[in-house]
Amino acid sequence: MHVLIVEDEIQLLKEVKSYLEKEGFICDEASTGMVASDKLFSNNYDLLLLDLGLPDYDGIDLLKETVANSKNTAVIILSARSAIEDRIKGLNFGADDYLPKPFSLLELKSRIMAVMRRKHGIRANILKVNKLQVDLDKRIVTCEGNPIALTRKEYDILSFLILNKNRVVTRLQISEHIWGDIIEENYNSNYIDVHIKNLRKKLAEYIEGEFLETVRGIGFQFNEFNNPL
Ligand code: CA
């Protein structure tokens, strides 16, 4: 998951970034509204963590920009502004959640997971599909109780495809989500194929059938067995 953290308190920015990276998120940072605006323009983030009080920008304007231009980016506001009007304003302009400072990193992670669940229309951190169970919180995949040994990138790709099951996910989307950049897309593309190949091999030890489909020229699709549609 590719996250942009916008925060001008450098120590807090570093703390949040190092915590989320340990938890498996790909993080970019911006300590001014200008830098944040540039990054939002050139990257496609899954999530924006947004401090409202920035030295050069009103965070609400950045929120409006994000909502208008990047419809798939979820937004959680992080702000010392605890006034109820600011929370209401943020939520009314399209933020998905609001976390007043000071906050605990554990609560931040829970809020992120909740926002991402809502975004993907799921209720729990455990996804079940084709005998597989994905624990999004612990980042573990099991098949009928047996843990499947996946590398970090393999887990990231598989869980991303499963979250978007029965839909084509483009190479570019995978690249942005897993590597956090779109510049070196060809370079990453070869890596995606290698990871998919390894994933197929590992999953074949547990489940029969072709459910990790290559959609030629576009990307990949994880198909749910007995999908009613
Ligand atoms: Ca601030």
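Thresholds applied
All residue numbers refer to positions counted from 1 along the written sequence of the respective chain. This being a predicted model, a pLDDT of at least 70 is required before a residue's local features are given, and a value of 80 or more before pairs of side-chain atoms are given or counted; all residues contribute to the totals for chains, interfaces and linings. Calculated side-chain values reflect all of the structure's heavy atoms, with hydrogen atoms and water omitted. Keep in mind that water is not among the atoms, so a site may look incomplete; donors are the N, O and S atoms within 2.8 Å of the metal, or 3.2 Å for Na, K and Ca. Counting from the N terminus, the helices are the DSSP runs of H or I reaching at least four residues and the strands are the DSSP runs of E reaching at least two. Two rings belonging to Phe, Tyr or Trp (six-membered ring only in the last case) form a pair when the distance between their centres is within 6.5 Å. Interplanar angles under 30 degrees mark stacking, angles over 60 mark edge-to-face geometry, and anything in between is tilted. For every residue, the accessible area obtained with a 1.4 Å probe (protein chains only) is divided by the maximum for its type, and the residue is called buried under 20%, exposed over 50%, and partly exposed between those limits. Fitted lines through C-alpha atoms give the axes, limited to the stretch in contact for helices. The angle between two N-to-C directions lies from 0 to 180 degrees. In these notes the angle categories are as follows: under 35 degrees is roughly parallel, over 145 is roughly antiparallel, 65 to 115 is roughly perpendicular, and the rest is oblique. In this scheme, a crossing is called left-handed if the near helix is turned counterclockwise away from the far one by less than a right angle; it is called right-handed if the turn is clockwise. Every residue pair with non-hydrogen atoms within 4.5 Å of one another is taken to be in contact. Just so you know the grouping, Ala, Val, Leu, Ile, Met, Phe, Trp, Tyr, Cys and Pro go in nonpolar, Asp, Glu, Lys and Arg go in charged, and all remaining residues, Gly too, go in polar. Think of a 1 Å grid over the protein atoms and nothing else: a 1.4 Å probe that fits but is trapped marks a cavity, an open set flanked by protein within 12 Å on at least five of seven lines marks a pocket, and residues with an atom within 4 Å of a point count as lining. Grid points are joined across faces, edges and corners, and a volume is the space filled by probe spheres set on the points. Domain start and stop points were drawn from an automatic or database domain assignment. The term buried area denotes the loss of accessible surface (1.4 Å probe radius) that occurs when two parts are joined, taken as the sum for both partners. Take a side-chain nitrogen of Lys or Arg and a carboxyl oxygen of Asp or Glu: if they are within 4 Å of each other, that pair is a salt bridge. Any N or O atom pair separated by 3.5 Å or less is treated as a polar contact, with the protein-specific requirement of one donor-capable and one acceptor-capable atom, and with residues adjacent in sequence counted only for side-chain atom pairs. What makes a nonpolar core is a set of buried Ala, Val, Leu, Ile, Met, Phe, Trp, Tyr and Cys residues whose side-chain atoms join them at distances within 4.5 Å.

**Student:** Explanation requested: the coordination of the calcium ion in the structure shown.
**Tutor:** Tetrahedral coordination by four donors places them ideally at 109.5 degrees to one another around the metal; octahedral coordination by six donors ideally gives 90 or 180 degrees. Only D8 (OD), D51 (OD) and G53 (O) from the protein coordinate the calcium ion, and they sit 2.2 to 2.4 Å from it. Taken in sequence order, the residues that donate to the calcium ion follow the motif D-x42-D-x1-G. Here the residue D8 occupies a position in the loop between β1 (2–6) and α1 (10–22), and G53 occupies one in the loop between β3 (47–51) and α3 (59–69), the gap between them amounting to 45 residues.

**Student:** What exactly am I supposed to notice about the packing of aromatic side chains here?
**Tutor:** Centre distance and the angle of the planes are the two values used to describe a pair of aromatic rings. Under the criterion given, the structure shown has 2 aromatic pairs. Aromatic side chains F211 and F222 sit 5.3 Å apart centroid to centroid with 55° between the ring planes, which places their arrangement in the tilted category. Separated by 11 residues along the polypeptide, F211 in the loop between α8 (185–204) and β11 (212–215) and F222 in strand β12 (residues 219–222) bring together distant segments of the chain. Taking relative accessible area as the criterion, F211 reaches 3% and is therefore assigned buried. With a relative accessible area of 0%, F222 lands in the buried category.

**Student:** Please clarify how the packing of α1 against helix α5 (residues 105–119) should be interpreted in this entry.
**Tutor:** Packed helix pairs are specified by the crossing angle of their axes together with the interaxial distance, meaning the distance between the axes. The interhelical angle for the contact between α1 and α5, taken along N-to-C directions, is 60°, at an axis separation of 11 Å. Here α1 is positioned oblique relative to α5, judged by the angle of their axes. Remark: the crossing between α1 and α5 carries right-handed chirality. Here α1 contributes E15, V16, Y19 and L20 to the contact with α5, which in turn contributes L105, L106, L108, K109 and I112. Across the contact of α1 with α5, the residue classes tally to 7 nonpolar, no polar and 2 charged.

**Student:** In this structure, what is going on with the layout of surface pockets? I would like to understand it.
**Tutor:** The rolling of a water-molecule-sized probe over the atoms marks out the regions of remaining empty space. Estimates place the volume of the largest pocket at around 840 Å³. Every element with two or more residues in the lining of the largest pocket is listed here: α5, β6 (126–129), α6 (152–163), β10 (168–170) and α7 (171–178). Take the lining of the largest pocket: its biggest share by element is 6 residues, from α6. Of the residues in the lining of the largest pocket, the class split is 16 nonpolar, 9 polar and 13 charged. Counting contributing residues, the lining of the largest pocket receives three or more from each of domain 1 (2–119) and domain 2 (126–222).

**Student:** Can you help me understand unusual backbone geometry in this one?
**Tutor:** Across residues other than glycine, the phi torsion is negative in most instances, and most of the peptide bonds are trans. Put simply, K101 and P102 share a cis peptide bond, and its omega is -5°. Note that P102 resides in the loop between β5 (97–100) and α5. Even without a glycine there, the phi angle at N130 is positive, about 45°. Position of N130 relative to the elements: it lies in the loop between β6 and β7 (132–135). Notably, N166 is not glycine yet its phi reads approximately 65°, a positive angle. As for its position among the elements, N166 is in the loop between α6 and β10.

**Student:** Quick question: what am I supposed to make of the domain arrangement of the chain here?
**Tutor:** Note on interface size: it is often stated as the accessible area lost on association of the parts. If you check the domain split of the chain, you get domain 1 (2–119) and domain 2 (126–222). Each side of the interface is counted separately: domain 1 has 12 residues, and domain 2 has 10 residues. Taken together, the two surfaces of domain 1 and domain 2 that pack against each other cover about 890 Å², and 42% of this comes from carbon and sulfur. The tally of links from domain 1 across to domain 2 stands at 1 salt bridge. A salt bridge links D137 to K109, with the nearest nitrogen and oxygen atoms 2.7 Å apart. Where domain 1 packs against domain 2, one counts 4 residue pairs in polar contact (both at pLDDT 80 or more).

**Student:** Help me understand the nonpolar core, please; the structure alone is not making it clear to me.
**Tutor:** One recurring pattern in soluble globular proteins: nonpolar side chains tend to sit buried together. Judged by nonpolar contacts, the single largest core of 49 residues is most densely connected at L20, L49, I112, L132, L161, I174 and F222. If one sorts the elements of this core by residue count, α6 sits on top with 7 residues. In terms of domain composition, this core takes at least three residues from each of domain 1 (2–119) and domain 2 (126–222). Contact partners of L20, with chain neighbours within four places excluded, come to I5, F25, C27, L49 and I112.

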